[in-house]
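# Architecture and fold: a report
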Amino acid sequence: MSLLPLLNSRFAAALVAVGAPDAQPLVQAASRPEFGDYQMNGVMGAAKVLKLNPRELAQKIIDAVDLAGIASSLEIAGPGFINIKLDNAFLADRVARALQDAHLGVEQSPAQHVMVEYSSVNLAKEMHVGHLRSTIIGDALARVQAYVGMNVTRQNHVGDWGTQFGMLVAFLIEQQQEGNADIALKDLEGFYRRAKARFDEDETFANTARDYVVKLQGGDAEVRALWARFVEVSLSHCNAVYQKLNVLLDDGDVRGESFYNADLPIIVDELRQQGLLVESEGAQVVFLDEFKNKDGEPQASIIQKKDGGYLYSTTDLGAIRFRVRELKIDRCLYVVDARQALHFQQLFTIAKKAHFAPDSVSLEHIAFGTMMGEDGKPFKTRSGDVVKLVDLLDEAQQRAFDLVSEKNPNLDEATRREIANAVGIGALKYADLSKSRTTDYIFNWNSMLSFEGNTAPYLQYAYTRVKSIFRKVAQYDQNAAIVLTEPAEHALALELARFSDVVHAVAKDSQPHLLCAYLYSVATMFSRFYENCPVNQDGVTNASRLKVCDLTAKVLATGLDLLGIKVLETM
Ligand code: ARG
């Protein structure tokens, strides 16, 4: 069992024994070393219910709790906290077991079907910085879910439908007639801009475009084929970005808005049959008591417009219904900008009301804030244009290359490029993932690329430092017992033993920054350990410590991999 559930269950039993069966144990990692390794904070609450003096109750709990072989000391502190110090032999055993385990001691949950929907770009245009956060946060969450034993479906709910596509198809035909189609599609951004200009300036073109929307939705084979061509080219642009970014998404994960087209009238019918649909000013709407408009009246969510057209949310209802009924998901994480919060609240409310998703299915909007420039405004180029994602990634790699070349001028160029690619992309991703996701953050090249502090380069470098130890050691006894004596050794082993709790916390609350903070702490603890505890000195190797180093390297590499960040053996 992971440490926290283990400690909590032992204290829960103790609370029962002292006559407080309903009290919560509340064990937490200690905030300061002098408070021990963990603290039990549930005594005061229990004392209130039992009308006892908290410190007296704490003593009773200490007498009752069975932590033999787990804790080496339990102390009452302050008004009634219990400080817990874990036993060295217990931690040593945890380290040894983690080294034997394919998941480094991370407990495997009973598998549920978890969908992580992320990236979900609109295919009319090229990927820009606004797509970065969803893509990398979602990817980290998908990796974490799989690591704790979930059955994971990644989903890229691309915007591949709607009126813009009529315009793009019309323009594609024009370009084909002029023999320019292939060239024009190379620059999607320009393609979109030129199509839009044609649409705005030429009435005949605009009418053709509108015609094509109708044909597209009606399933006209020729228009569909052109649309499919456009979608394919656009997706290949996305795939190039995904590969550069080291995210797992591929064509198999794409199920775009168009996929639900045929379900939309069914959604309307089902809502009507359930008596949820009302006609209001010609449109089909659902009134939600849960959401009030500014006059205090129930808010209307439009399902079908007056002209028969459907909305973004209608498609999303179709998607939920499909995911629950056909894919049988248990939990769906929507990694989407915080500005769509209201959309998702309303969507989930309707989906539950209409039984498209039963109460047992968890629908969660994993919201994130905006990436800001130094000026505190949404990140743009100097001239105020949106930044293309490929350009941003290229710049990250180039900046990392300059840094690496400065640090290691003697390495050959290919090696420096390889390091730079891992460091540049790693730094960009880590800078994002290490911030609390719900807030906005300021993008800064220098701080993300620093080799000091809570950054990817620092962690990647820490990993190579651990690995370098093994290059200096010819061999060591892999079967040696792990013996922890020094405080720095205890602290590192404790940190390594917490890996399972941390990964599970991320899986539960979808907060990758917890994993970042943890890895930073592992690297810091390792430095302290390495300074204080000789591993390989005067020709004497300490096999126990080497095993702790081995687990450190594995936890760092695995933790970074869960964030989608690569490590290198040397840097
Ligand atoms: N394509 C949408 C946009 O760019 C995001 C889609 C989010 N997912 C969803 N199921 N609505 O705004």
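We now turn to the structure provided with this report. Here the structure is a predicted model, which means the values were calculated and not measured. (Residues numbered from 1 in each chain as written. Predicted model: local features only at pLDDT ≥ 70, side-chain atom pairs only at ≥ 80, totals over all residues. Heavy atoms only, no water.)

Counting its regular elements, the protein chain contains 21 helices and 15 strands. Structurally, the protein chain occupies a C-alpha span of about 80 × 70 × 40 Å along its principal axes. Counting all 571 residues of the protein chain, 53% fall into the buried class. Of all intrachain contacts in the protein chain linking residues separated by at least 6 positions in sequence, the fraction that spans at least 24 positions is 72%. Accessible area of the protein chain: about 25900 Å², with a carbon and sulfur share of 49%. Separation of charge centres in the protein chain, based on 59 positive and 73 negative side chains, amounts to 2 Å. (Helix = DSSP H or I, 4+ residues; strand = E, 2+ residues; numbered from the N terminus. Buried < 20%, exposed > 50% of the residue type's maximum accessible area, 1.4 Å probe, protein only. Contact = heavy atoms within 4.5 Å. Areas by Shrake-Rupley, 256 points an atom, 1.4 Å probe, with all protein chains shown as cover. Lys, Arg positive; Asp, Glu negative; His and termini not counted. Charge placed at Lys NZ, Arg CZ, Asp CG, Glu CD.)

A separate point is the site of the ligand. In the vicinity of the ligand, the contacting residues are E117, S120, N122, H157, Y312, D316, Y334, V336, Q340 and F344. For the ligand, a nitrogen atom lies 2.8 Å from a polar atom in the side chain of N122. In this structure, D316 approaches the ligand through a side-chain N or O atom, which is 2.7 Å from a nitrogen atom. Coverage of the ligand by the protein chains reaches 86% of its 350 Å² of free accessible surface. When contributions to the shell around the ligand are tallied by element, the ones reaching two or more residues are α12 (312–325) and β10 (331–337). Of the residues contributing to the shell around the ligand, the split by class is four nonpolar, four polar and two charged. (Near = heavy atom within 4 Å. Polar contact = N/O pair within 3.5 Å; in protein donor to acceptor, adjacent residues only side chain to side chain. Nonpolar A, V, L, I, M, F, W, Y, C, P; charged D, E, K, R; others polar.)

A few words on the sheet that holds strand β3 (residues 71–77). Spatially, four strands are ordered β1-β2-β4-β3 in an open sheet, and the strand pairing comes out antiparallel. Two strands close off the open sheet at either side, each with one partner strand: β1 (27–29) and β3. Between one strand axis and the next, the sheet turns by 25° as a mean value, whatever way the strands run. Examined bridge by bridge, strand β2 (residues 38–40) and strand β4 (residues 81–86) share three bridges and lie antiparallel to one another. From the neighbouring strand, M40 faces β4, where its bridge partner is I82. Along the sheet, helix α3 (residues 54–64) makes contact with β2, β3 and β4, crossing β3 at roughly 170°. (Pairing = 2+ DSSP bridges. Axes fitted to C-alpha atoms, helices over the stretch in contact; angles between N-to-C directions.)

Turning our eyes to something else, we now look at the nonpolar core. Of all hydrophobic cores here, the largest spans 166 residues; its most connected members are I61, L86, L392, F499 and L563. Filtering out sequence-adjacent residues up to four positions away, I61 remains in contact with F11, A14, L15, V18, M40, V43 and I82. Among the nonpolar cores identified, the runner-up in size contains 27 residues, and L277, V286, F291 and I350 belong to it. (Core = buried A, V, L, I, M, F, W, Y, C linked by side-chain atoms within 4.5 Å.)

The residue I565 is located in the segment after α21 (543–562) in this model. Remark: the alpha-carbon pair of I565 and L245, spanning 320 residues in sequence, is separated by 8.9 Å.

Per the counting criterion, the structure on display carries 29 salt bridges. Taking the shortest distance from any N to any O, the salt bridge between E395 and R399 comes out at 2.9 Å. Taken as a pair, E395 and R399 lie in helix α14 (residues 389–407) at a separation of four residues, close to a single helical turn. The class of E395 is partly exposed, set by a relative accessible area of 32%. Because the salt bridges share partners, they merge into one network encompassing E174, R198, E201 and D202. (Salt bridge = Lys/Arg side-chain N within 4 Å of Asp/Glu carboxyl O.)

Moving on to the pairing of β4. Both faces of the sheet carry side chains from a regular strand, because those side chains alternate between them. Pairing of β3 with β4 involves six bridges; the strand directions are antiparallel. Note on β4: the bridge partner recorded for I76 is I82. Taking the residues between adjacent antiparallel strands as the criterion, β3 and β4 are bridged by three residues, where G78 takes a positive phi near 55°.

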